[in-house]
Amino acid sequence: IDKAISLENQGRYKDAMIQYSRAMRLDIRDDVFNSTVCVRKGKLYDDLGKPQQALDIGYDEAIRLDPENITAWFNKCNTLNFLERYDEAIACSDEAIRLDPEFFGGWHGKSKELTLLGRYEEAIVHYKKIILLAPEFLPAWSDLGSVLEKVGRYSDAQQCFTKVKESGNIIFESRFR
C-alpha cells in the first residue's frame with residue numbers, strides 16, 4: 001500500500017490504482033487492512049472525477065469489509081454530497097457520528113447537508129455542536145454565520161464572522177472583507 005500511496009502522491013494515478021488492486025489480491029485476510037485499501041482507492045477515484053466508482057469500488061466495499069471504518073463513512077458522505085444525494089449523505093454522517101460522537105467531521109458533513117436541504121434550524125444546532133467539540137475549527141464558525149444570515153439572525157451571524165476575522169487566518173478572514 002505504501003508504494004501505491006507514493007505513486008498517487010507523484011500523480012501516477014493509473015499506476016497507483018494497479019498497486020491498490022495488487023494489495024487487495026494479496027493473501028491478506030485482514031478486513032481492516034483491505035478496508036483501508038478500498039478507502040484509498042475510493043479517494044483516488046474521487047480525485048479522478050469518478051464519484052460512482054469511488055462509491056462502488058471504494059467506500060461501499062470498505063464499509064462491507066469493516067463497517068466501523070469511520071473514514072469510509074466520512075468519505076462516502078462527501079462523495080454523496082458532491083452527487084447532491086443529500087439524504088444518503090446525512091445517513092452516512094449519522095453513521096460516522098454514531099461510531100465516534102466526538103468526530104466533528106461527521107457533524108460538519110451533516111450540518112452542510114442540512115443547510116443544502118434548507119433545514120437551517122437543524123443545521124444551526126449541529127454547527128454549534130461542532131464548535132463545542134472543536135472551537136478552533138474555523139469552517140464551522142464561517143458556515144454557522146452564513147446559515148444565521150439566511151434565517152435573519154444578523155447579529156449572531158456577525159459574531160461568528162468576527163470570530164473568524166479575529167483568528168488571523170488569512171484564508172477565512174478574506175471571505176469577510
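My aim in this report is to walk through the structure given alongside it, one point at a time. (Residues numbered from 1 in each chain as written. Predicted model: local features only at pLDDT ≥ 70, side-chain atom pairs only at ≥ 80, totals over all residues. Heavy atoms only, no water.)

**Side note on the packing of aromatic side chains**
Argument step 1. By the definition in use, this model includes 2 aromatic pairs.
Argument step 2. Aromatic side chains F74 and F103 sit 5.3 Å apart centroid to centroid with 80° between the ring planes, which places their arrangement in the edge-to-face category. Here F103 lies in the loop between α6 (86-99) and α7 (104-116) and F74 lies in helix α5 (residues 70-82), a separation of 29 residues in the sequence.
Argument step 3. For F74, a relative accessible area of 24% puts it in the partly exposed group.
Argument step 4. Judged by centre distance (4.7 Å) and plane angle (55°), the rings of F104 and F137 are tilted. Placement of the pair is F104 in helix α7 and F137 in the loop between α8 (120-133) and α9 (138-150), with a sequence separation of 33 residues.
Argument step 5. The class for F137 is partly exposed, based on a relative accessible area of 22%. (Phe/Tyr/Trp six-rings, centres within 6.5 Å; stacked < 30°, edge-to-face > 60°. Helix = DSSP H or I, 4+ residues; strand = E, 2+ residues; numbered from the N terminus. Buried < 20%, exposed > 50% of the residue type's maximum accessible area, 1.4 Å probe, protein only.)

**Remarks on the environment of F103**
Argument step 1. F103 sits in the partly exposed class, given a relative accessible area of 23%.
Argument step 2. Along the backbone, F103 and K50 are 53 residues apart, and their C-alpha atoms lie at a distance of 27 Å.
Argument step 3. Those residues in contact with F103 that lie beyond four places of it in its chain are I70, F74 and A96. (Contact = heavy atoms within 4.5 Å.)

**Here we look at the pattern of salt bridges**
Argument step 1. Counted according to the given criterion, the structure contains 9 salt bridges.
Argument step 2. A salt bridge links K43 to D47; the shortest N-O distance between them is 3.0 Å. Here K43 and its partner D47 are both found in helix α3 (residues 31-47), 4 residues apart, which amounts to about one turn of the helix.
Argument step 3. Given a relative accessible area of 39%, K43 falls into the partly exposed group.
Argument step 4. Classification of D47 as partly exposed rests on a relative accessible area of 44%.
Argument step 5. Residue R98 is joined to E95 by a salt bridge in which the shortest nitrogen-to-oxygen separation is 2.6 Å. Taken together, the positions of R98 and E95, both in helix α6 and 3 residues apart, correspond to about one turn of that helix.
Argument step 6. Judged by relative accessible area, R98 falls into the exposed class, the value being 53%. (Salt bridge = Lys/Arg side-chain N within 4 Å of Asp/Glu carboxyl O.)

**Looking at the side chain of S93**
Argument step 1. Locating S93 in the fold gives a position in helix α6.
Argument step 2. Of the polar contacts made by the side chain of S93, one reaches the backbone nitrogen of K110; its length is 3.4 Å.
Argument step 3. Of note is the side chain of S93, whose polar atom sits 3.1 Å from the side chain of E113.
Argument step 4. Those residues in contact with S93 that sit more than four places away from it in its chain are C77, G106, G109, K110 and E113. (Polar contact = N/O pair within 3.5 Å; in protein donor to acceptor, adjacent residues only side chain to side chain.)

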